[in-house]
Amino acid sequence: TTTSVLLLFLASLLASVDGFFFSSSVVAPRRAVRLGASADVVVIGSGIGGLSCAGLLAASGRRVTVLESHYELGGCAHEFFVDAAGKTVPSSSKRMMNSSESIFAFEAGPSLYSGLSPERSPNPLKHVFQMIGEEPEWVTYDTWGASIPEGSYELSIGAENFVEILRRYGGPTAVDDWTNLAKTLRPMAQALMRLPSVAVRSDAGVLVTLAARYPVGFFGVLPYLDKLLKPFDMRSEDSPYFVKDSFLRNYIDLIAFLLQGLTAKDTSTAVVAYMVEDFYREGAVVDFPMGGSKGIIDALVRGVEKHPGCEVRRSTRVDKVLVDPFTKRAVGVETSRGETILAGEAVVSNCDLKQTFDLVPEGLSAAFDEERRRCLEEIPLCRSFTHVHLAVPVEAVPADAPPQWTVVKQWENNDLDHEGVDARGNVVVVSVPSKLDPSLAPTGYHVLHAYTAGSEDYQHWEKFETSKPDDPAYLAAKERAAKPIFDAIATRAPLARDEAIVELIASPLTHQRFLNRHRGNYGLAIPIGNDDGLDFPPVKTPLPGYFRCGDSAAGGGIGVPAVAASGAQCANAIIDVFDQLRLNRHIRL
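Residues numbered from 1 in each chain as written. Predicted model: local features only at pLDDT ≥ 70, side-chain atom pairs only at ≥ 80, totals over all residues. Heavy atoms only, no water.

**A short note on the overall build of the chain**
Inclusion rule: Counting from the N terminus, the helices are DSSP H or I runs at least four residues long and the strands are E runs at least two residues long. Based on C-alpha atoms, the radius of gyration is set beside the globule rule, defined as 2.2 Å times the residue count to the power 0.38. Three exposure classes are used, based on accessible area relative to the maximum for each residue type with a 1.4 Å probe and protein chains only: buried under 20%, partly exposed in between, and exposed over 50%. Any two residues having at least one pair of non-hydrogen atoms within 4.5 Å are treated as being in contact.
Scanning the chain from terminus to terminus reveals 18 helices and 18 strands. A globule of 589 residues ought to have a C-alpha radius of gyration of about 25 Å, and the chain, at 23 Å, matches this closely. With respect to the principal axes defined by its C-alpha atoms, the chain has extents near 65 × 60 × 45 Å. Within the span of the chain, comprising 589 residues, buried residues form 60% of the whole. The long-range share in the chain, meaning contacts at least 24 apart out of those at least 6 apart in sequence, stands at 72%.

Spelled out as structure tokens, the structure:
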């Protein structure tokens, strides 16, 4: 959702600049093409970040080639298809054209979106859609369900109903705590929302793309800058954000954890300010793309392929990035089929942290090798997920069940490593996307997608790395990990598992295999204001001509808006100020 945006462009305002005022940050001339080059830019990976970057580069006139190793596009947000026997049916298969066959569509990644259906929005992905001129069709809803230790509810979203939740489950100070917190944070959020994070660039041109183009937002944020970049402290009594009520503290922790995999104490005040303001959004609704997450990916792909000389390839694994031995610059890629694809301007990695480094052999760039060592040794990874996918008869999901619900077993626990909402299996999100778009399941059926929210430690799965998928011990481990998910599904749909005709359980090993995620990670777990000085690596790597975007790069983090912002900021690092301004004029705030 929009509240997951990390707003790392604030850090850009404080950071040193690295280029001439109106120049591109790329060392080579903007339109330089090497002899035999097959593209201006090669993008490795088709996640939302990579496709956002590719679409903006294509719209700026670059010839872009996107290479995806999976047979489905979308990275962690891809959609996959199975038949009634639970066997995979690739979307490119002729079987997909057989209207008489029962095919179920499942989402591998997020099922929760907001800030995308309104014409004016602070959501970076909305801004990408506006700049590339493509967008899916949206359906909206406003009811959210939850089961928490204090009870269960189904209410419309928005500030008024949240106050009702506080009255129902909070202590005597809950409403006043919330009112005071909102009064303090909302002015900060309103200033932030006047600045699009997709307009950030890492050189002095940011003064044109942000300060000159959005002066009200730019100068409105400056008085709050120091506060916004600090960790959010709601537990110290002398903090301006102090929250006395334990229920409200727990709820804020829950939202922060769902959106970025970290609880509020490790989150910037900027993010929490966004979260609070989101409750007060006029006409607040939750969005869902027709066609599921594939609708988002298809729109982004159209934004690339409608331009001459641009393409998006699937089932094309990149083995390594090619580096010119003389200029020490990234000049292309080599695929697993032995194909060499040259890039005249840049190579962009939309891979996770480790794979972005692994694609470049050691010894080619001392600066890149030093960054590799430091990042891989010091930066912690977010934990992984366990997912459950079910195909069930319509009757197995009550008609009055909401399209989405969340289950929290307990606010505190005895987990030695994680003592709050982030304990293993403690928080589960359940989605029934076919309630919103019936085309995702055959007539008479629903599809369910449920997952433990970023609480699965890979260490529990290391011993199964060499096991076969049908290994009894591995299957038993998946069953144990999925138990809280099935319990969460049963809170609203108690018959779902018994009546399912398709049941799939995905572990962190599944994510490592199919999504190319090292140890099944979903991004970097970097607490704001950490004592080690850790931060997200910049979109421009120390290897000239090699860039990165997504959840493991600056501007990114977990969440759809964050990776879209990272993709845009990566594109901005490749194009010049004037090209960027031509794109940014389509943004509507």
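**Considerations on helix α2 (residues 48-59)**
Let me state the cut-off plainly: Helix span is expected to be 1.5 Å times the residue number reduced by one.
Between its terminal C-alpha atoms α2 stretches 16 Å, which fits the 16 Å expected from twelve residues at 1.5 Å a residue. Most of α2 sits inside the fold, with eleven of its twelve residues counted as buried. Inspection of α2 places Ile48, Gly49, Gly50, Leu51, Ser52, Cys53, Ala54, Gly55, Leu56, Leu57 and Ala58 among the buried residues, and these make up the whole buried set. A positive phi of about 105° marks glycine 61, the residue just after α2.

**Focus on the pairing of strand β10 (residues 318-323)**
For the record, the criterion: A pair of strands is considered paired only if DSSP assigns at least 2 bridges between the two.
Direction of pairing for β10 relative to strand β11 (residues 330-335): antiparallel, over a ladder of five bridges. Looking across to β11, one finds that valine 323 is bridged to alanine 330. Hairpin geometry of β10 and β11 is characterised by an intervening segment of six residues between the two adjacent antiparallel strands and by a positive phi of about 55° at lysine 328.

**Description of the pattern of salt bridges**
For the record, the criterion: Should a side-chain nitrogen of Lys or Arg be within 4 Å of a carboxyl oxygen of Asp or Glu, the pair is scored as a salt bridge.
Following the criterion strictly, the structure yields 31 salt bridges and no others. Of the charged contacts, one joins glutamate 462 and arginine 519 as a salt bridge, the two residues approaching to 2.8 Å between their closest N and O atoms. Note that glutamate 462 is positioned in the loop between β16 (445-452) and α14 (472-490) and arginine 519 in the loop between α16 (508-515) and β18 (546-548), a separation of 57 residues in sequence. Residue arginine 519 is classed as partly exposed on the basis of its relative accessible area of 29%. One network of salt bridges, with partners in common, ties together Arg62, Glu345, Asp579 and Arg582.

**Regarding the sheet that holds strand β7 (residues 151-156)**
Heads up, the rule is: Inter-axis angles, ranging from 0 to 180 degrees, are taken between N-to-C directions of lines fitted to C-alpha atoms, where helices are fitted over the stretch in contact.
A sheet is described by the order of its strands in space; here seven strands give the open sequence β7-β6-β14-β15-β16-β13-β17, paired in mixed fashion. Each edge of the open sheet is held by one strand with a lone partner, namely β7 and β17 (502-506). Averaged over all pairs of adjacent strands, the angle between strand axes in this sheet comes to 15°, irrespective of strand direction. Judged from the three bridges that link them, strand β6 (residues 143-148) and strand β14 (residues 404-408) form a sheet pairing that is parallel. Opposite glycine 145, over in β14, you have tryptophan 405 as the bridge partner.

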